[in-house]
Amino acid sequence: MGDDPGRLYRLDGVAHIAGVINDEPRRCISSVRRQQGMRLDERYVPYLQMAGLYHLARLNDRWFRLDEPLVSAFVERWRPETHTFHMPFGECTITLQDVAYQLGLPVDGDYVSGCLTDFHLYIEGGRPAWQWFHELLGVLPPENQVQKFAVNCTWFQETFAECPDGADEETVRRFARAYIMMLLGTQLFADKSGNRIHIRWLPYVARLEEMGRYSWASAALAWLYRCMCRVANRHVVKLAAPLQLLQSWIFWRFPTLRPSGYDEISWPLASRWSGYNPGISNKGPRVQMARMKIDLLQPRQFIWMPYSAVDVIQVVHPEVLEPRHTMLWRCRTSLIYFAVVEWHQVDRVLPQFGGVQPIPSPALNIDFLMSKDGRGGDRWFPAQYPEWHLYWQERADYILQFDIVPDPGPSHEFLTWWYQHGKRFLSPEMLLGDPRGVPIPDEATQRGAGRLPDMDRVEDVPDRRRIERRARVGTRRSQREWNWVDQAMDAGDDPVRGGGRVRGRGGRRRVGAARQGAQMPGGGDVAGVDRAHQGGHDGGSPGSGMGDPTSHTDAGLGGGGLGDYFVGVPGDDHTLQDSTPWVSPGSMFGDLLASDGIVHEFGGPHFLEDIRTIMQEDEAAAGRVHTTGTQTPLDVDLNEPATVAPAHPFAMGGTPASAQSIGSHSVAGPSSSRPVHVPPMTPRQPVSDDSDESIEDEEPLIRRGYRTRVPRRCGTGSHLFR
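Throughout what follows, the structure given in this document is the object of discussion. Given the structure is predicted, the values throughout are model-derived calculations rather than measurements.

Quick word on the packing of aromatic side chains
Phase 1 of the analysis: Across all of its chains, the model carries 48 aromatic pairs by this definition.
Phase 2 of the analysis: Taking the centre distance of 5.5 Å and the plane angle of 80° together, the rings of Trp155 and Phe156 count as edge-to-face.
Phase 3 of the analysis: The buried category is assigned to Trp155, whose relative accessible area is 9%.
Phase 4 of the analysis: Between Trp155 and Phe160, the ring centres sit 5.9 Å apart and the planes meet at 80°, which makes this aromatic pair edge-to-face.

See below:
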């Protein structure tokens, strides 16, 4: 019952920071946040109140700085598999209830979705993007202030900093629209650029009176989940999200980690920590110190229900406590922010709502959805992901029902399961004692077993792409960056092969290259190339054909691997020439072998032996073990239950032995989104494009040999002797 470790920690072997914590013990994230510099004018207040963003605007007027080492220690605990923090005492997470209390945002309402730029195509009454921008804001930004469909924050602040005195109603509305776009783009939905505002908000600010019908809390939580899942990747260090929500949640829930001297409570609750200014030096050691503090946490040092205190009830705005909002706090449903789809897994943190936590059911696997972020061309996302948008529309049907108890917390059965399977400790054993002998608290037994609420089954949406590509999700090394080698080599082969197969993602053919067929620029066929066997695509299925070491069975020669080294190798259903082995009728090799300039031994008995020698060397190279920075499995791990007393010293942090797998060795690329000049002779990296949503394969990479790069064909056969 419950998640098995292989499923619960499946991303440790991909690129999760917890899988290599011993190799990168001082890794510290870098926060990307811009404090909005536009003054809150009293004339904007009615529009902010109608939009449900007034409390957030008041919070924006107060200075805020992120404690990066502390947040880094929590990022190590964040599990994208469950959207929860894995702690020594169990699981906890940020929920819709926390967003409502900390930021004062409305929970109930329509999802925040639609399209990003093509408003005139998908929205009734919409306009082309920049035309609509000019109509709504009365001015267009200069070209040097625009990057694709995002406008620099500096231009917004300089243009709309102060609303003129005595301005008419239409002018005030324009300035209010600019203020709201800045508020959303900096406080809630900031990206890692840190200085741009996307124009996706134009359809919302066009109807200011209707902005209050949207669930800003669910959209903000979806974006926070997505950003946390990305920065948990060992190759990502920049974090952009509603960071004030994240840090305030930590301080409210963990009293031993909060700063002293901030006892005054005001609304929204995140304003309590305004003015907190953590140090910026010695970040690495402070990360280690915060990690150790978390490892030493006792169950009573986490507050399951901080909002039930009398001091909090006295300052809460009554709108937040309306039943239509409060009932959704316990809703197990989707969270949507345009292309971002996440899952509100409150069934794993029932004590945060006053219940007893039983052993949870297996967490929903939505890794495939987590890899989608809207790149690859605009679309109408409610139609792109209709099932997940429907979950939010029917959110009232997914509210969990469970018993409320005076002393909420995990049950004895849960702690027994958690001590056996959970990743509870990350610090090295030299800093901590062996905690496996600590008994389960008596209060856990007194709470009873708890009952898992009735929940509808939701189907998994796993990501079956190769592990090294999954490891780069959310990084600048996008899914297609590594293809430039394939494209460069194929481009060099085109004069010989006639523009045949061009490799794309997962061996898929590129449509544009396939349409070219075997045409030269002048329109004629390439001499000596059989049209039926151009790259193995015109007459066969995609992904099969010559030059692809993963598909020897389709490459001719009776299913052998020699097709990797030949251009004119026929398929199994073609007759071989008796006088010239391995040469298809009409191919270029017939003319080459008949010419006077070719050595007579070419094709002789030594020729096949040389080819086999080359192939054996390549297969041996492909079969070598590729090591990564992932730590080696430990003989004993304190995150696993004790069987016998350890007879020798051992390390404690990192991945449990039961969750070990081969990780990725990819390295994150540059984080800048500006185009980079590339010398003419260097193949350029293609622009990331997620429009191809094909699932590549189901077989894990660790059970398949690495692709061997085929050398460039020279057309004479001299490349075969090296």
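A few points about a nonpolar patch on the surface
Phase 1 of the analysis: A contiguous nonpolar surface patch, about 290 Å² in accessible area, is contributed by Leu121, Tyr122 and Trp380.
Phase 2 of the analysis: Of note, Trp380 is situated in the loop between helix H16 (367-370) and helix H17 (381-384).

Looking at the pairing of strand E3 (residues 84-87)
Phase 1 of the analysis: Side chains Thr84 and His86 project from E3 onto one buried face, and the interleaved Phe85 and Met87 project onto a second face that is buried too.
Phase 2 of the analysis: In this antiparallel pair of consecutive strands, strand E2 (residues 78-79) and E3, the connection spans 4 residues, and His83 shows a positive phi of 60°.
Phase 3 of the analysis: With 3 bridges connecting them, E3 and strand E4 (residues 90-92) associate as antiparallel partners. For Phe85, the partnering residue across the bridge sits in E4 and is Cys92.
Phase 4 of the analysis: Between E3 and E4, which pair antiparallel one after the other, the connecting turn spans 2 residues.

A closer look at the sheet that holds E2
Phase 1 of the analysis: Taken together, 3 strands build an open sheet; the order of strands is E2-E3-E4 and the sheet is antiparallel. Each having just a single partner strand, E2 and E4 make up the two edges of the open sheet.

A short note on the nonpolar core
Note that soluble globular proteins tend to have their nonpolar side chains buried in a common cluster.
Phase 1 of the analysis: If you look at the biggest cluster of nonpolar residues, it comprises 140 residues, and the most contacted ones within it are Leu53, Phe156, Trp216 and Phe254.
Phase 2 of the analysis: In contact with Phe254, other than residues within four places in its own chain, are Phe74, Met87, Phe89, Cys92, Trp249, Leu297, Gln301 and Phe302.
Phase 3 of the analysis: Among the nonpolar cores identified, the runner-up in size contains 10 residues, and Leu8, Phe414, Trp418 and Ala444 belong to it.

Re the sheet that holds strand E5 (residues 146-147)
Phase 1 of the analysis: An order of E5-E6-E7 is seen for the 3 strands of this open sheet, with the pairing classed as antiparallel. The sheet is open, and its two borders are formed by E5 and strand E7 (196-198), each paired with just one other strand.
Phase 2 of the analysis: Pairing of strand E6 (residues 150-152) with E7, which is carried by 3 bridges, proceeds in the antiparallel orientation. Opposite Asn152, over in E7, you have Arg196 as the bridge partner.

Points about the packing of helix H5 (residues 96-103) against helix H12 (residues 243-253)
Phase 1 of the analysis: Axis separation between H5 and H12 bottoms out at 10 Å; the angle between their running directions is 100°. Regarding the angle of H5 to H12, the classification is roughly perpendicular. Contacts between H5 and H12 involve Gln97, Asp98, Val99, Gln102 and Leu103 from the first element and Leu245, Ser248, Trp249, Trp252 and Arg253 from the second.
Phase 2 of the analysis: In terms of residue class, the contact of H5 with H12 is made up of 5 nonpolar, 3 polar and 2 charged.

The rules behind the values
Residues numbered from 1 in each chain as written. Predicted model: local features only at pLDDT ≥ 70, side-chain atom pairs only at ≥ 80, totals over all residues. Heavy atoms only, no water. Phe/Tyr/Trp six-rings, centres within 6.5 Å; stacked < 30°, edge-to-face > 60°. Buried < 20%, exposed > 50% of the residue type's maximum accessible area, 1.4 Å probe, protein only. Patch = residues over 30% accessible without salt bridge, like charges linked within 9 Å, V, L, I, M, F, W, Y side chains within 5 Å. Areas by Shrake-Rupley, 256 points an atom, 1.4 Å probe, with all protein chains shown as cover. Salt bridge = Lys/Arg side-chain N within 4 Å of Asp/Glu carboxyl O. Helix = DSSP H or I, 4+ residues; strand = E, 2+ residues; numbered from the N terminus. Pairing = 2+ DSSP bridges. Core = buried A, V, L, I, M, F, W, Y, C linked by side-chain atoms within 4.5 Å. Contact = heavy atoms within 4.5 Å. Axes fitted to C-alpha atoms, helices over the stretch in contact; angles between N-to-C directions. Parallel < 35°, antiparallel > 145°, perpendicular 65-115°, else oblique. Nonpolar A, V, L, I, M, F, W, Y, C, P; charged D, E, K, R; others polar.

All quantities given are derived from atomic positions and should not be read as evidence of function.
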